[in-house]
Amino acid sequence: MKTLGEKTPNLSPTSTETTIAPPKFEVIHDDWNKPLTFEELEAIDAAFDAATTTITTKSTRISSVSSSSVDDTTDETRPRTRRRLPDSIRLSNGDSGLTRSPGSFALTPCRTNSGFRQANVKLKYPAMNFGGRIVYCRTIEEVEEATLQICKLLEAKKCELGRAILGLDLEWKPSFVHGIPQGIAAVMQICGDMTHCYVLHIFHSGIPHSLQSLLEDSSSIKVGVGIDNDAVKLFHDYKVSIKSVQDLSVMANQKLGGVSKQWSLSSLVETLTCKQLLKPKNIRLGNWETDILSKPQLKYAATDAFASWYLYEVLKSFPDLSVTENQHST
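Report follows, based on the coordinates. None of these values were measured; they are calculated from a predicted model.

### Topic: the side chain of H201
Structurally, H201 is set in the loop between β5 (196-200) and α6 (202-205). Residue contacts for H201: discarding those within four places in its chain leaves Y136, C137, R138, A186, V187, W288, E289, T290, D291 and L293.

### Here's the deal with the pattern of salt bridges
In this structure the tally under the stated criterion is seven salt bridges. Of the charged contacts in the structure, one is a salt bridge between E155 and K158, with a shortest N-O distance of 3.8 Å. Pair noted here: E155 and K158 are both in helix α5 (residues 140-161), with a separation of three residues, about one helical turn. Among the residues examined, E155 registers a relative accessible area of 45% and is labelled partly exposed. For K158, a relative accessible area of 22% gives the class partly exposed. Measuring nitrogen to oxygen at the nearest pair gives 4.0 Å for the salt bridge that ties K158 to D217. Taken together, the residues span a long stretch of sequence, with K158 in helix α5 and D217 in the loop between α7 (209-215) and β6 (221-224) at a distance of 59 residues. Connected through salt bridges with shared partners, the residues E155, K158 and D217 form a single ionic network.

### A word on the pairing of β5
Walk down a regular strand and you will see the side chains alternate between the two sheet faces. With four of its five residues buried, β5 lies for the most part within the structure. Direction of pairing for strand β4 (residues 185-191) relative to β5: antiparallel, over a ladder of four bridges. Counted as the bridge partner of Q189 is V199 from β5. Hairpin connection, β4 to β5: the antiparallel pair is bridged by four residues.

### Examining the nonpolar core
The tendency in soluble globular proteins is for nonpolar side chains to be buried side by side. Counting 38 residues, the largest nonpolar core has V199, L248, W288, F306 and L311 as its most contacted members. Elements with a contribution of two residues or more to this core: β2 (133-137), β4, β5, α9 (248-256), α10 (265-273) and α12 (295-316). The contact partners of L248, leaving out residues within four places of it in the chain, are V223, G224, V225, L268, S308, L311, Y312 and L315. Counting residues in each nonpolar core, the second largest holds 26 residues, with A146, I150, L154 and L215 among its members.

### Regarding α12
The end-to-end C-alpha distance of α12, which contains 22 residues, comes to 32 Å, matching closely the 32 Å that a straight helix rising 1.5 Å per residue would cover. Counting buried residues in α12 gives 18 out of 22 residues, a clear majority hidden from the surface.

### A closer look at the packing of α10 against α12
One can describe the packing of α10 onto α12 by two numbers: an axis separation of 10 Å at closest approach and a directional angle of 50°. Classified by the interaxial angle, the pair formed by α10 and α12 is oblique. Taken as a pair, α10 and α12 cross one another with a handedness that is left-handed. Across from L265, L268, V269, L272 and T273 in α10, the residues of α12 making contact are D304, A307, S308, Y310, L311, V314 and L315. The residue makeup of the contact of α10 with α12, split by class, is nine nonpolar, two polar and one charged.

### Details of the packing of α9 against α12
Helices that pack against each other are described as a pair by the angle of their axes relative to one another and the distance between those axes. Close contact between α9 and α12 brings their axes to 10 Å; oriented N to C, the two are set at 20°. The pairing of α9 with α12 is recorded here as roughly parallel in orientation. Here α9 runs over α12; the crossing is left-handed. Touching L248, M251, A252, K255 and L256 of α9 are S308, L311, Y312, L315 and K316, all from α12. Within the contact of α9 with α12, the residues separate by chemical class into seven nonpolar, one polar and two charged.

Thresholds applied
Residues numbered from 1 in each chain as written. Predicted model: local features only at pLDDT ≥ 70, side-chain atom pairs only at ≥ 80, totals over all residues. Heavy atoms only, no water. Helix = DSSP H or I, 4+ residues; strand = E, 2+ residues; numbered from the N terminus. Contact = heavy atoms within 4.5 Å. Salt bridge = Lys/Arg side-chain N within 4 Å of Asp/Glu carboxyl O. Buried < 20%, exposed > 50% of the residue type's maximum accessible area, 1.4 Å probe, protein only. Pairing = 2+ DSSP bridges. Core = buried A, V, L, I, M, F, W, Y, C linked by side-chain atoms within 4.5 Å. Expected span 1.5 Å × (residues − 1). Axes fitted to C-alpha atoms, helices over the stretch in contact; angles between N-to-C directions. Parallel < 35°, antiparallel > 145°, perpendicular 65-115°, else oblique. Left-handed = near helix turned anticlockwise from the far one by under 90°. Nonpolar A, V, L, I, M, F, W, Y, C, P; charged D, E, K, R; others polar.

The analysis is restricted to geometry; functional conclusions fall outside its scope.
Right, dumping it as structure tokens:
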């Protein structure tokens, strides 16, 4: 198995001319929700105090108050207590009680954009990125080893939480020519927490018995948007069933209410997390049957599976509307 981000030695031949080394790949970690340090909080306070002093000074000059009284007024009116940070920052600094892995962000639903949506204002959110380790497998042996690791994770989750959830998605090569069918399912990505995501290149490895048993195990829930369609395709291409699936679009309608709609993975990410799920066409509609997946393809696949798992955990924290309505009626 190969993990994304491993360094490779520089094999460029020695030359007397000045050459520019090719850029090295670097995993970009989204630090939007990175915890603020005490020094950064102090800097925020200092900036606020400076702005308060400036505003007070200007106001005092307009009213012809002496400079000495400005200093006294500023000291008296300056806030003595620490201000309450916004929830999006405060919860990401540990107040939620949830542990976070480096490069990831807290499991907190987005509740700050409803007013902008009502005003029909389009906000540009930071991109959602998977900050954990991407494990890429393309041989039978690698897929079997990855399946073993996933099974261990599921057992630990069942003991800890009483349930085991896997974000699951498929990729395949599309067809743009009439009469030529699309390719078979070529890539399967699976994610069960914030630390590891497994990208299985089943176009080359096939689906070994251990992976088939995992997919057909009804004790773990496989989640995704349109996952029923993925299950149909996998059965058509490999005669393997995916049991115990949960469509996140259906779940969102049950939890969020309003007019029932067909949610996309991107729209759910934006609505629930205030982040955007990047879907570049050159990757989404690219060749997933290639011999070795590129790093952008691996990052795309891993983020999709991670987003599915993540959204389930967020939606799970919302009450069912039917239950809430019954409680109000009684």
